[in-house]
Amino acid sequence: MAGTAVKSKKLHISHQNMRKVHGIIFMLPWLIGFILFFIKPLVNTIKYSFHEVGVADNGGMVLKYVGLSNYTNLFRTEVSSQSQTFLRVFTDENVNIFMNTPVIVIFSLFCAILVNVKFKGRGLARVIFFLPIVLGLKVVVDLIMITSGGDVADAAVSSQFDTSMLIDFLLNYTFLPVNVTLFISDLASNIFLLISQTGVQTLIFLAGLQSINQSLYEVARIEGANSYEVFWKITLPLLSNISLFALVYTFVDMFLQSSISTEIYYFAFNKNNIGVGSSLSVVYLFNVLIDLVLLLFITSKVVRMNNGDK
């Protein structure tokens, strides 16, 4: 009996350690796939970035060590497929991502709140809203064009909205700076693109909203809190972790869709300059990692300020 008690005591795992074990098990498929399929290409890319890669007479690759010349040439002599310097390309991409990521996350939260509201036909509204996101906006537009002639749908999606009236209103009746006015009008003209980029984040926020205990809202209403106070005191704090996840997801997703990925393919395969293309990949990877660390640092500071910590 004593031996059985000792054995059961040794097998006891605390709840916190069990959560860590579950986290490791959850990450195992990704970790195994990363080790099997990504480690070797990543190491080869770093190796190629320090070499001039050519083709041998009898086939195969010939590597000629050139040190850091691929990196220096990338920012000194090489230009992109659009005839821009890569310092300008990286600057524009980083500014664009840091400006558009908060907009996409906030719009996703707004869409999730609207979809989560109880009203008649909510299921149909969700299907209509998420169908272009699940199937792809282009697929849905093609289906509309086939069934209805599609001139209106084609014009609505392939063209931008005329925002001249919006710009005139903002310039004449508000005190917003010109740069802010142009940014708002650009968002309004690309509303279809914005909606297509918010699908996964909206689903994430919708799951978070439905996981909040409804008794908290009932207590708040009994205490006399209005909708504004309920949102800022209950909804938003309880969605802080989900907001961070959606922010990181949007950030990485925008980097994957950036023009730099196209430039890597352009150098490596179209220009047959694998060395410079590999160095561009390495610089791009470190740029993403540095921006992610900066993003996590900023968001952690904001969360601490909201929680009243110094």
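Residues numbered from 1 in each chain as written. Predicted model: local features only at pLDDT ≥ 70, side-chain atom pairs only at ≥ 80, totals over all residues. Heavy atoms only, no water.

**Brief notes about the packing of helix 12 (residues 199-211) against helix 15 (residues 240-256)**
- Running from N to C, helix 12 and helix 15 point in directions that differ by 170°, and their axes come no closer than 10 Å. One element, helix 12, and the other, helix 15, form an angle in the roughly antiparallel class. Side by side, helix 12 and helix 15 meet where Val200, Gln201, Ile204, Phe205 and Gly208 of the first sit next to Ile242, Ser243, Phe245, Ala246, Tyr249 and Thr250 of the second.
- Per-class residue counts for the contact of helix 12 with helix 15 are seven nonpolar, four polar and no charged. (Axes fitted to C-alpha atoms, helices over the stretch in contact; angles between N-to-C directions. Helix = DSSP H or I, 4+ residues; strand = E, 2+ residues; numbered from the N terminus. Parallel < 35°, antiparallel > 145°, perpendicular 65-115°, else oblique. Contact = heavy atoms within 4.5 Å. Nonpolar A, V, L, I, M, F, W, Y, C, P; charged D, E, K, R; others polar.)

**Some details on the pairing of strand 1 (residues 51-55)**
- In the sheet, strand 1 pairs with strand 2 (residues 61-65) via five bridges, with the strands oriented antiparallel. Within the sheet, the bridge partner assigned to His51 lies in strand 2 and is Tyr65.
- Hairpin remark: strand 1 followed by strand 2, antiparallel, with five residues in the connecting loop; positive phi at Gly59, about 95°. (Pairing = 2+ DSSP bridges.)

**Thoughts on unusual backbone geometry**
- A positive phi angle is found at Ser83, which is not glycine, with a value near 60°.
- For Ser83, the location among the structural elements is in the loop between helix 4 (69-76) and helix 5 (86-116).
- One non-glycine residue with positive phi stands out, namely Asn272, at about 55°.
- Tracing the sequence through the fold places Asn272 in the loop between helix 16 (259-270) and helix 17 (274-306).
- Judged by its relative accessible area of 54%, Asn272 falls in the exposed class. (Buried < 20%, exposed > 50% of the residue type's maximum accessible area, 1.4 Å probe, protein only.)

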